[in-house]
Amino acid sequence: MLYDLVLDNCKIHPLKGNYYLGIEEGKIKNISRQPLKADTHIDIEENLILPGLIDAHVHFRDPGLTYKEDFKSGSQAAAHGGFTSILDMPNTIPPTNTAKNFQEKIDVASKKSIVDFGLHAGVDNLEEIEKISTLNPASFKLFMDLVDDHFLVQVFEKLSRIAPKPLLTLHAENKDLIEHYREKLQAENKKEPQDYCLVRPAIAEEMAVAQALSLSHHYQHPTHICHLSSDRSLQLINYMQENGCPVSSEITPHHLFLDSNDYKKWGNIAKTNPPLRSPWVKIPFSKLDKIDIIATDHAPHTLEEKEKGLWEASPGIPNLETVLSLLLTQFHKKNINLEQIKSLLCENPARIFNLKNKGFIKKGMDADIVVVDLKLEGAFKVDDFYTKAPYTPFSGWKYQGGAIMTISQGKVIMEEGQVFKNKGHYIYPL
Ligand code: DOR
Ligand code: ZN
Ligand code: ZN
């Protein structure tokens, strides 16, 4: 057999020795201890290979806000960070809350994305849900901080009657509580960046999480809760997971690695929804094994938008190009193992979002691979990044380990920091 491409001398954790990966028509066709024949060989030089990373939560701002990011720059950032699949959020202009807008975003992304992409659908109009369903959204996404309780119940009711039940993804923060604190704190003329923790306190997340759990349990409806910031929220989720609630959880690199002390250094660069928490409220790194996935919530803005005052500055932090190296650095410190990194960034996102050909290095799967050099060392610098967002609260952090090559469906799309042209495919739950 002559393969299109063979990756020579790969390390596949936790297996011992070297492996040869035979790739044909973009799929993994053979994983062998013996050398394989091919038109093209790439020597992986005994580096580790992982399944291409999957980011279930990015904001590529395309269409409508492309001065912040677009599908080209966002997907280049993804490839640079070792990601081969991303799922884009609906809060673009227009939002993907109608079948027409959803189809338009598929068309835009098909032209520009260099990685495979899925799309979350917005929910504003119950009538559109069935129409959008036919276009296979990654999930229906609802911002609980923007809708009333009654609408949330209606959405659960409606989605639970569709077969197969489409996943509901939630930004969980209680709207009334946030409005209450916003009025109170504005009247008190608060303006320090760290006051943002008071505008959107942990209790606002915990209440929304409790409400989401109660509805997910009642309707037995698959529900994914985004970017957890509070340990108490995680405890509620874990409790209900043990009691048959079909719910999954997510944490971002910033909620994991930063805390409310970082507002002192970074000001509103560190502003994000939900806010960073104090060390005793946040989820400790040691509890990563209680969480299903890490997603970046890559949320780019301009520096001008970030440098406004407390109330006007845009919330959001870009993270596609930092997360893998942040985690590999913790691997060297023995705070996380490679199996966990693989579950959190590959296997569990593939399982939760039903991306059947992604997330595993196995025969028959898409040949989506990230080659990791565990010895790569450096410090984060925005100048090295492909995202349009010119800031990161991880600037200057030293790392050990990173992606040196990204392969999407058998095609090299990043090598040693250089990204290449590619045509990403629309992917959806199967
Ligand atoms: O910080 C955030 N930024 N949280 C969100 O929920 C939205 C996001 C954005 O789109 O900028
Ligand atoms: Zn959110
Ligand atoms: Zn988000």
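The structure contained in this document is the topic of the report that follows. Note that the structure is a prediction, hence the values are computed from the model and not measured. (Residues numbered from 1 in each chain as written. Chains lettered and ligands numbered in written order. Predicted model: local features only at pLDDT ≥ 70, side-chain atom pairs only at ≥ 80, totals over all residues. Heavy atoms only, no water.)

**Section: the coordination of the zinc ion (ligand 2)**
Under the convention used in this document: Water is not part of the atom set, so a site may look incomplete; the donors themselves are N, O and S atoms within 2.8 Å of the metal, or 3.2 Å for Na, K and Ca. The helix count covers DSSP runs of H or I at least four residues long, the strand count covers runs of E at least two residues long, and both are numbered beginning at the N terminus. Only protein chains enter the area calculation, which uses a 1.4 Å probe; residues under 20% of their type maximum are buried, those over 50% are exposed, and those in between are partly exposed.
Surrounding the zinc ion (ligand 2) are the protein donor atoms His171 (ND1) and His227 (NE2), which sit 2.1 Å from the metal. Between the zinc ion (ligand 2) and the zinc ion (ligand 3), a separation of 3.6 Å is found. Of this pair, His171 sits in strand E10 (residues 168–171) while His227 sits in the loop between strand E11 (223–225) and helix H8 (231–241), placing them 56 residues apart in sequence. For the pair formed by His171 and His227, the shared burial category is buried.

**Remarks on the sheet that holds strand E1 (residues 2–10)**
Stated formally: When DSSP finds two or more bridges between two strands, those strands count as paired. Axes here refer to lines fitted to C-alpha atoms; in helices the fit is confined to the stretch in contact. Angles between the N-to-C directions go from 0 to 180 degrees.
If you walk across this open sheet you meet the 4 strands as E3-E2-E1-E4, and the pairing is mixed. The two strands at the open ends of the sheet, each matched to only one other strand, are strand E3 (27–32) and strand E4 (37–43). Across the sheet, the axes of successive neighbouring strands diverge by a mean angle of 25 degrees, strand direction being ignored. Where E1 meets strand E2 (residues 19–24), 4 bridges bridge the pair, whose relative direction is antiparallel.

**Some points on the side chain of Asn268**
Our working definition: A contact between two residues is defined here by any heavy atoms of the two lying within 4.5 Å.
With respect to the element layout, Asn268 can be found in the loop between helix H10 (262–266) and strand E13 (293–294). Judged by relative accessible area, Asn268 falls into the buried class, the value being 9%. Once you skip the residues sitting within four places of it in the chain, Asn268 turns out to touch Pro193, Lys306, Lys308, Gly309, Leu310 and Ala313.

**What about the site of ligand 1?**
To be explicit about the condition: Proximity criterion: a residue is near a molecule or strand once any of its heavy atoms comes within 4 Å of it. Nitrogen and oxygen atoms within 3.5 Å of one another constitute a polar contact, given that in protein one can donate a hydrogen and the other can accept it, and given that sequence-neighbouring residues count only through two side-chain atoms. The accessible surface values rely on the Shrake-Rupley method and a 1.4 Å probe; as for residues, cover is taken only from the protein chains in view. Lys, Arg, Asp and Glu make up the charged group, whereas Ala, Val, Leu, Ile, Met, Phe, Trp, Tyr, Cys and Pro make up the nonpolar group; the residues left over, Gly among them, are polar.
Neighbouring ligand 1 are the residues His59, Arg61, Asn91, Phe143, His171, Thr272, Asn273, Ala299, His301, Pro315 and Gly316. One of the side-chain nitrogen or oxygen atoms of His171 is found 3.0 Å away from an oxygen atom of ligand 1. Within the contact set of ligand 1, an oxygen atom lies 3.2 Å away from a side-chain nitrogen or oxygen of His301. Across the complex, the protein chains shield 92% of the 290 Å² of accessible surface that ligand 1 would expose by itself. Along the lines of polarity and charge, the residues of the shell around ligand 1 split into 3 nonpolar, 7 polar and 1 charged.

**Let's talk about the pairing of E1**
Across the 9 residues that make up E1, a large majority, 7, are buried. Bridge count between E1 and E4: 6 bridges; the pairing is parallel. Each bridged residue has a counterpart across the sheet, and for Leu7 the counterpart in E4 is Ile42.

**Considerations on the coordination of the zinc ion (ligand 3)**
The coordination sphere of the zinc ion (ligand 3), as far as protein atoms go, consists of His57 (NE2), His59 (NE2) and Asp297 (OD), spread over 2.0 to 2.2 Å. Mapped onto the polypeptide sequence, the residues donating to the zinc ion (ligand 3) form the spacing pattern H-x1-H-x237-D. Accessibility expressed as a relative area gives 1% for His57, which makes it buried. Residue classification places Asp297 among the buried positions, given a relative accessible area of 6%.

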